[in-house]
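Each chain is listed here by its residues.
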Amino acid sequence: MIRKLGAVTLGRLRKMGIMGLFLFKAFFYSVVPPVKVMRVLKQVHFIGFQSTMVIMLTGCFAGMVLGFQGYNSLRQFGSDAFLGPAVGLALIKELGPVFSAFVVTGMAGSAITAEIGIMRISEQVDALELMGLNPYRYLVVPNFLAMIVCMPLLTAIFDVVGIFGGYLIGVKLLGVSAGVYFGEMAAYVDMADVMEGIYKSLSFGIIIIWVCCFKGYYTGIFTGFGAEGVSKATIQAVVMSFVLILVWDYFMTSVLF
Amino acid sequence: MISIDDLHKSFDGNEVLRGISLDIKKGEVVALIGGSGCGKSVLLKHVVGLMKPDSGSVTVDGKDMSMLRGGALTGLRERFGFLFQGGALFDSMTVFENVAFPLKEKTKLSSHLVRERAFREIENVGLSGSEYKYPSQISGGMIKRAALARSLVMDPEIMLFDEPTTGLDPVTGDAILNLIDACHKRLSFTAIVVTHEIPGVFDIVQKVAMIHEGIILAEGTPEEFMSFTEPVVRAFVG
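Bear in mind the structure is a predicted one, so any value in this text is a computation, not a measurement.

Following Pro33(A), the chain continues to Pro34(A) via a peptide bond in cis, the omega torsion being 0°. Relative to the assigned elements, Pro34(A) resides in the loop between helix H1 (2-31) and helix H2 (37-76). Phi at Asp6(B) takes a positive value of approximately 50°, unusual for a residue other than glycine. Residue position: Asp6(B) is located in strand S1 (residues 2-11). Positive phi values are uncommon outside glycine, yet Asp61(B) reaches one of about 50°. With 12 C-beta atoms packed within 10 Å, Asp61(B) lands in the exposed category.

So this is what it looks like as structure tokens:
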């Protein structure tokens, strides 16, 4: 019993060590040339451009819901003038980074895990290694750099569209003054709040690409073989990303800000 | 050129290789035969350093593959070509892009020369006209040919073939073996061919080694092999 528990614990620790080393290598090869610029741009298009519409759609509805809920709650205290700051702060500090990260995980992260996973099980990754090429530079680094570029930008788009969604409901539907909505927002939302959102989105992006690339790269080693292995790796990548994003969000909010 | 010495490898307590020893001279083509799951492909992956042995060694020109790291391992691997069982073509690239890929990434040739060499290699394996097809658009035999063209385009000194004829009809299988023979005559590489194509492969190799229960059970020229009386060898050779 104790031996079994020890073996499981050692196995987990080993896996965590490999995952940590994977992140270190991803950082290392991202800053040490050569970088495959065309592949980075291709991934920027894949992660960034293709997620934009969904980010705008979810951002708009998130802002509209906040507009409704915020107005109804604030009106009870006669504070409906603070709807702008409530929507702005909620989106910029929390909902924007977290919702954007969830959308990107679902749209791009899962696809990246599946793509690398299929390359692993069909020996395409081995083929790269045998050509004397570094698989990290071809498969991990371009995704890593693209995510660092895209994630804060996508979050910014989410925030802006969300604030516009809140404006539509609060101002156009429920009658809050446009001047009050934006004026109070400008008074209560400062640069530190915006930076908090950017730092969060950047760190969420790193978490997503770390987990998704790792799960794909080690398909067949940690998640079984064949199509089932790729399927398991993709599910694990999405679930693990979601959990780590929320845990890291709590850590950042409580400790760093 | 390649020396395998007392190689042991286990997976989850299952000992696949139990002390394999084999020497391959420069320019020699060796057929590696044996039952399914006996460790032939595992042995090939040790030769090229994709797997590390539990004990024993694989040396290539005196360099122990399991001890090499980083640039030294990459440098030695550049002397290898590897034909994977499933081809391992990059499925998001066309046949031409697959064959040109190592040239683009590992040489400083102009795009014109890359194109010329890739097209010549594609022609050598009989795939002219399929340059712009994707792996999903061509047959299994054509995938093997394209993979062969990609592995040969850098003029490797050592070629490893992992079941090059598996899954192909007899005619296509023979064509692939003849193609390997023609490439060997043209490039004079050293090669290991893992195969079940018996006795067809005997025509193109200088030596045959049979793995059974994790060891080399029999080894010799094709002629010697046909005269072995060991029951397991006879059952396999027929």
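The next thing to look at is helix H3 (residues 95-106) of chain B. Turning to H3(B), its buried residues are Val95(B), Phe96(B), Asn98(B), Val99(B), Ala100(B), Phe101(B), Pro102(B) and Leu103(B). Of the surrounding elements, those touching the buried residues of H3(B) are helix H4 (111-124) and helix H5 (140-152) of chain B.

With that settled, consider the packing of H5(B) against helix H6 (residues 170-187) of chain B. Residue and element names in this part refer to chain B. In contact at an axis separation of 10 Å, H5 and H6 are set at 15° when each is read in the N-to-C sense. Viewed along their axes, H5 and H6 adopt a mutual orientation that is roughly parallel. Considering the relative orientation of H5 and H6, their crossing is right-handed. Here H5 contributes Gly141, Lys144, Leu148 and Leu152 to the contact with H6, which in turn contributes Thr172, Ile176, Leu179, Cys183 and Leu187. A class-by-class count of the residues in the contact of H5 with H6 yields 6 nonpolar, 2 polar and 1 charged.

Moving on, we come to the interface of chain A and chain B. Facing 10 residues of chain A, the contacting portion of chain B comprises 14 residues. Within the side of chain A that touches chain B, the residues separate by chemical class into 4 nonpolar, 3 polar and 3 charged.

It is worth spelling out the domain arrangement of chain B at this point. Residues and elements named next belong to chain B. Segmentation of chain B into domains returns domain 1 (2-79 + 158-237) and domain 2 (92-155). Between domain 1 and domain 2, the C-alpha centre-to-centre distance is 25 Å. With 10 residues of domain 1 in contact, the opposing surface of domain 2 contributes 9 residues. It is H6 that provides the largest number of residues to the side of domain 1 that touches domain 2, a total of 5 residues.

Here we come to the sheet that holds strand S4 (residues 55-60) of chain B. All names here are of chain B. In space, the 4 strands of this open sheet follow the order S2-S1-S4-S5, with antiparallel pairing throughout. Because the sheet does not close on itself, it has two edges, and the strands there are strand S2 (14-24) and strand S5 (63-64). Pairing of S1 with S4 involves 5 bridges; the strand directions are antiparallel. What sits directly across from histidine 8, in S4, is serine 55.

Further remarks concern the nonpolar core. Residue and element names in this part refer to chain B. Of all hydrophobic cores here, the largest spans 125 residues; its most connected members are Leu32, Leu160, Ile192 and Val193. Split by domain, this core shows at least three residues from each of two domains, domain 1 (2-79 + 158-237) and domain 2 (92-155). Apart from residues no more than four positions distant in its own chain, valine 193 is found in contact with Val29, Ala31, Leu32, Phe161, Pro164, Ile180, Val201 and Val205.

All names here are of chain B. The share of residues in chain B with pLDDT of 70 or more is 100%, and the mean pLDDT across the chain is 89. Ranking the elements of chain B by mean pLDDT puts helix H8 (residues 231-237) last, at 81, and H3 first, at 94. ipTM for the predicted complex: 0.86, alongside a pTM of 0.88.

As a further point, take the sheet that holds strand S6 (residues 80-83) of chain B. Residue and element names in this part refer to chain B. On the basis of which strands lie adjacent, the open sheet formed by 6 strands has the order S6-S7-S8-S3-S9-S10 and mixed pairing. The open sheet is flanked by S6 and strand S10 (215-220), the only strands paired with a single partner. The average undirected angle you get between the axes of adjacent strands in this sheet is 15°. Along the sheet, helix H1 (residues 40-47) contacts strand S3 (29-34), strand S7 (158-162), strand S8 (190-194) and strand S9 (207-212); its crossing angle with S8, the most-contacted strand, is approximately 155°.

What follows concerns the pairing of S8(B). Residue and element names in this part refer to chain B. Of all 5 residues in S8, 5 are buried; the element is thus mostly enclosed. Residues Thr190, Ile192 and Val194 line one face of S8 and the alternating positions Ala191 and Val193 line the opposite face, and both faces are buried. One ladder, built from 4 bridges, connects S3 with S8; its direction is parallel. In the sheet register, valine 29 faces S8, and the bridge partner there is alanine 191. Examined bridge by bridge, S7 and S8 share 5 bridges and lie parallel to one another. The residue bridging aspartate 162 from the neighbouring strand is valine 194, located in S8. Traced from S7 through H6 to S8, the parallel crossover comes out right-handed.

Criteria and cut-off values
- The residue count restarts for each chain, going from 1 along the sequence in the order it is written.
- All chains are assigned letters beginning with A, and all ligands numbers beginning with 1, in the order in which they are written.
- Per-residue local features of the predicted model are confined to residues with pLDDT of at least 70, and side-chain atom pairs are confined, for both listing and counting, to 80 or more; whole-chain, interface and lining totals are unaffected and use all residues.
- Secondary structure follows DSSP: runs of H or I at least 4 residues long count as helices, runs of E at least 2 residues long count as strands, and numbering of each begins at the N terminus.
- Partly exposed residues are those whose C-beta has more than 12 but fewer than 20 other C-beta atoms within 10 Å; 20 or more makes a residue buried and 12 or fewer makes it exposed, with C-beta atoms placed from the backbone.
- Distance between backbone-placed C-beta atoms decides contact: two residues are in contact if it is within 7 Å.
- Orientation is described by axes fitted as lines to C-alpha atoms, over the contacting stretch for helices, and by angles from 0 to 180 degrees between their N-to-C directions.
- Convention used here: angles under 35 degrees read as roughly parallel, angles over 145 as roughly antiparallel, angles from 65 to 115 as roughly perpendicular, and any remaining angle as oblique.
- The handedness criterion is simple: a crossing whose near helix is rotated anticlockwise from the far helix by less than a right angle is left-handed, and one whose near helix is rotated clockwise is right-handed.
- Gly is put with the polar residues, along with every residue not named as nonpolar or charged; the nonpolar set is Ala, Val, Leu, Ile, Met, Phe, Trp, Tyr, Cys and Pro, and the charged set is Asp, Glu, Lys and Arg.
- Each domain's limits were defined by an automated method or a database of domain assignments.
- At least two DSSP bridges between two strands are needed for those strands to be called paired.
- Throughout this description, the term nonpolar core refers to a group of buried Ala, Val, Leu, Ile, Met, Phe, Trp, Tyr and Cys residues whose C-beta atoms join them within 7 Å.
- Predictor confidence is given residue by residue as pLDDT, running from a minimum of 0 to a maximum of 100.
- Whether a crossover is right-handed depends on one test, that the path from the first strand over the helix to the second runs clockwise when the strands point away from the viewer.

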